[in-house]
Amino acid sequence: MTENLKHSVDLECSSDNNRPSKISKIEYLSDVDEEKQGMSQNPSNRIQRYLFAIEYIGTRFSGSQKQLKDRTVVGVLEEAFSKFLGHPVPVSCSSRTDAGVHALSNVCHVDIQRTSKRKPGEVLPPHEPAVVGRAVNHFLQKHDSDVMVIDVRCVPSDFHARFKAQERTYFYRLLSGPEPLSTFEKDRAWHVPEELNLPAMQEACKVLIGCHDFSSFRAAGCQAKSPIRTLDELSVTEVIESPYFPSVMDRENHNKVSDLVSFPSNSETDIPPSSSPSIDKVMTSSQSVGFGKRRRHRCLVVTARARAFLYHQVRLLVGVLKAVGTGNLTIPDVERILNAKTVTAASPMAPACGLYLGEVKYDLPNT
């Protein structure tokens, strides 16, 4: 249940290519069936469930969920676990991400029964979490190194990475300025050549935050039963250009400063552009920065936090905020789009390359 909720089912494909009939049966389990399957482990057979967090660069993945032909995050993880264990195991992911979307921390779970290699059939005590992480990373780093396990812990057999998630946080990076995008930023952010009006974008966030019918920010094909979602946070923060994502304290401090200046919420009056002198100077100065040195972009990060999102909701929200920042939309336009309750009223969707799944929050059991 992530930003791309167009699926109402999890894809849990078997990696046994000799049994295609089984693949189809497992591939389209309903949410209820998967939850029952995940909560019916037999504690007596010493199967240990591990919850593990991963980071990945989504550029060369066709999304997170396993597909029969294309390279995906779950597919690569299952291959690494298979090499570690000597047999295939299914991996369940907390949040689905589209092709090109990155993750600072996505969370999955896997069930492992440790058996003896010297005495086939003998069940051994479970692996320590650190051992699982090191072993899987060993096989992951042997190939493309665009996904890595960053944390592992043991959880009860009924703890499901997807259904137990309480909150998800996404970040979206926009780089503003006329200079060509750096090679190091390729496929890592949305390059917007125009100057972005940060206060206007922040004012637009106030219209969208809270509980609403987000039908206007729900892509065609979304199979969620209801378009009602509660957006706990939607903010825009200016940060240094290097890949950086604002902490809760950063965002709170930034919002306190922003609140010192009031802007009309229902007027079409232009909102003054950002008054950050140091960054504005970098962007507008005609002075040379020196040979061989790149002129920096202005970097804005949109943060969206909620328990669950509709399919492409975050990217559609960013598309509207960007249009506000460039002056193509006003605050009343944002209100009109929200109230229209149709995705055709929204601005073009932001590209996948700037989106990052930042955190999946749980109430983790004591170990």
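Basis of the calculations
- Within any chain, residue numbers begin from 1 and follow the written order of that chain's sequence.
- Local features are withheld for residues below a pLDDT of 70 in this predicted model, meaning they are given only at 70 or higher, and side-chain atom pairs are given and counted only at 80 or more; totals for whole chains, interfaces and linings count all residues.
- Note: side-chain values were computed over all heavy atoms of the structure, leaving out hydrogens and water.
- Secondary structure counts use DSSP, requiring at least four H or I residues in a row for a helix and at least two E residues in a row for a strand, with both numbered from the N terminus.
- Buried, partly exposed and exposed residues are distinguished by accessible area as a fraction of the type maximum, computed with a 1.4 Å probe on protein chains only: under 20%, between the cut-offs, and over 50%, respectively.
- Just so you know, the count uses Lys and Arg for positive and Asp and Glu for negative, and it drops His and the chain ends.
- Salt bridge, as used here: a side-chain nitrogen of Lys or Arg that lies within 4 Å of a carboxyl oxygen of Asp or Glu.
- We call two residues contacting when some pair of their heavy atoms lies within 4.5 Å.
- Helix span is expected to be 1.5 Å times the residue number reduced by one.
- Two aromatic rings from Phe, Tyr or Trp, using only the six-membered ring of Trp, form a pair when their centres are within 6.5 Å; if the ring planes differ by under 30 degrees the pair is stacked, by over 60 it is edge-to-face, and anything between is tilted.

A. Structural view of the side chain of Lys322. Within the secondary structure layout, Lys322 lies in helix H8 (residues 313–326). Glu194 provides the closest opposite charge to the buried, salt-bridge-free Lys322, at an N-O distance of 4.7 Å. Setting aside anything within four residues of it in sequence, one finds Lys322 in contact with Leu174, Trp190, Val192, Leu196 and Met201.

B. A look at H8. An ideal rise of 1.5 Å per residue puts 20 Å on 14 residues; H8 measures up with 20 Å between its terminal C-alpha atoms. Among the 14 residues of H8, 13 are classified as buried, and the element is accordingly described as predominantly covered. Directly beyond the C-terminal end of H8, a positive phi value near 90° is found at Gly327.

C. How the structure looks around unusual backbone geometry. Unlike most non-glycine residues, Ser145 shows phi in positive territory, near 55°. For Ser145, the position within the fold is in the loop between helix H4 (129–140) and strand E6 (147–155). On the basis of relative accessible area, Ser145 is assigned to the partly exposed category, the value being 39%. Unusually for a residue other than glycine, Lys341 sits at a positive phi of about 60°.

D. Looking closely at the packing of aromatic side chains. One pass over the full model with this rule turns up six aromatic pairs. Ring centres 5.6 Å apart and planes at 50° place the aromatic pair Phe159 and Tyr362 in the tilted group. Here Phe159 is found in the loop between E6 and strand E7 (167–176), whereas its partner Tyr362 is found in the segment after strand E12 (355–361), with 203 residues between them in sequence. Considered together, Phe159 and Tyr362 belong to a single accessibility category, that of buried residues. Pairing Tyr172 with Trp190 gives two aromatic rings, centres 6.2 Å apart and planes at 85°, and the pair type is edge-to-face. A residue pair is termed long-range when its members are at least 10 positions apart, and Tyr172 in strand E7 and Trp190 in strand E8 (residues 190–192) qualify at 18 residues.

All we've got here are geometric facts, nothing functional implied.
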